[in-house]
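# Reading the structure
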Amino acid sequence: ELCQDEGNHAVIAKQLQGFAQVYGDHVEFREAMRSPVFAMADKKEILSQVVTRSMLADTTRRFLFTMLDMRRLDQIQNVSAAFDEILDDVDGRLRAVVTSAIPIEAGDLTRIQTSLERLTSKKITVTSAVDEEAETERSRALGRGLGRVGVVTAVVEEHAHTEHAKALRHAE
């Protein structure tokens with residue numbers, strides 16, 4: 001609610017994503033935050049240095065220190081993902097993952113996005129992924145002279161995301 005009152009929820013979301021990336025990528029930092037060898041005061045000093053260098057909003061900074069105090073900093077990737085889902089719900093946005101045997105061109109993704117927006121009457125954020133098994137099957141089919149195989153599957157995970165976001169709100 002606080003970031004919504006301040007109108008900076010998109011900024012907070014990006015900062016949580018960035019911090020989650022740093023936390024996941026830097027083993028020494030992550031281990032220091034987990035280690036019982038480091039006193040809480042030392043952990044707070046280390047975290048303070050990281051958030052100062054990152055120039056995080058005060059709301060984000062306070063939230064990360066609360067997570068540290070509650071010994072939940074290891075959950076930052078999950079928290080960031082859940083926050084994104086809540087923002088998607090608030091903004092009326094759905095996420096779609098388009099999986100194919102070969103990479104999909106940007107123009108094709110745009111057409112898929114437009115079609116999904118028309119079907120759902122919602123804003124759609126589209127990402128793509130290549131299914132390694134489908135690529136292997138495609139290569140085998142091409143090797144046997146069966147022609148080009150490239151099936152695109154779009155999956156809109158509205159129900160799962162919405163239910164997860166609602167569960168998180170009710171858990172608070």
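Details of the structure are given in the entry above.
Residues numbered from 1 in each chain as written. Predicted model: local features only at pLDDT ≥ 70, side-chain atom pairs only at ≥ 80, totals over all residues. Heavy atoms only, no water.

## Examining the nonpolar core
Counting residues in hydrophobic clusters, the biggest one holds 22 residues, and the most contacted among them are F19, M33, L47, L64, L73 and I76. Those elements that provide at least two residues to this core are helix 2 (9–25), helix 3 (27–34), helix 4 (40–54), helix 5 (58–69) and helix 6 (76–91). Considering each element in turn, this core owes the most residues, six residues, to helix 2. If we skip the residues at most four places from it in the chain, L73 touches F19, Y23, M33, L64, M67 and L68. (Core = buried A, V, L, I, M, F, W, Y, C linked by side-chain atoms within 4.5 Å. Buried < 20%, exposed > 50% of the residue type's maximum accessible area, 1.4 Å probe, protein only. Helix = DSSP H or I, 4+ residues; strand = E, 2+ residues; numbered from the N terminus. Contact = heavy atoms within 4.5 Å.)

## Overview of helix 2
Helix length check: helix 2 (17 residues) gives 24 Å between terminal C-alpha atoms against 24 Å at 1.5 Å per residue, within 8%. Here helix 2 has its buried residues at I12, A13, Q15, L16, F19, A20 and Y23. With its buried residues spanning 165 degrees around the axis, helix 2 presents them on a single face. (Expected span 1.5 Å × (residues − 1). Arc of directions from axis to C-beta.)

## What about unusual backbone geometry?
The backbone phi angle of M55 is positive, close to 55 degrees, even though this residue is not glycine. The residue M55 is located in the loop between helix 4 and helix 5 in this model.

## Some words on the pairing of strand 1 (residues 93–100)
Only one face of strand 1 is buried, namely the one carrying L94, A96, V98 and S100, since none of R93, R95, V97 and T99 on the opposite face is buried. Two elements, strand 1 and strand 2 (residues 123–130), share eight bridges in a ladder whose sense is parallel. Bridge assignment links V98 to a residue of strand 2, and that residue is S128. Crossover handedness for the path strand 1 to helix 7 (residues 106–120) to strand 2: right-handed. (Pairing = 2+ DSSP bridges. Right-handed = clockwise from strand over helix to strand, strands pointing away.)

## Re the pattern of salt bridges
Applying the stated rule across the entire model yields nine salt bridges. Here R34 makes a salt bridge to D74, at a shortest N to O gap of 2.9 Å. Here D74 lies in the loop between helix 5 and helix 6 and R34 lies in helix 3, a separation of 40 residues in the sequence. Among the residues examined, R34 registers a relative accessible area of 41% and is labelled partly exposed. Residue classification places D74 among the partly exposed positions, given a relative accessible area of 35%. Among the salt bridges present, the one from D69 reaches K44, with a minimum N-O distance of 3.0 Å. In this pair, D69 sits in helix 5 while K44 sits in helix 4, placing the two residues 25 residues apart along the sequence. The exposure class assigned to K44 is partly exposed, which follows from its relative accessible area of 32%. (Salt bridge = Lys/Arg side-chain N within 4 Å of Asp/Glu carboxyl O.)

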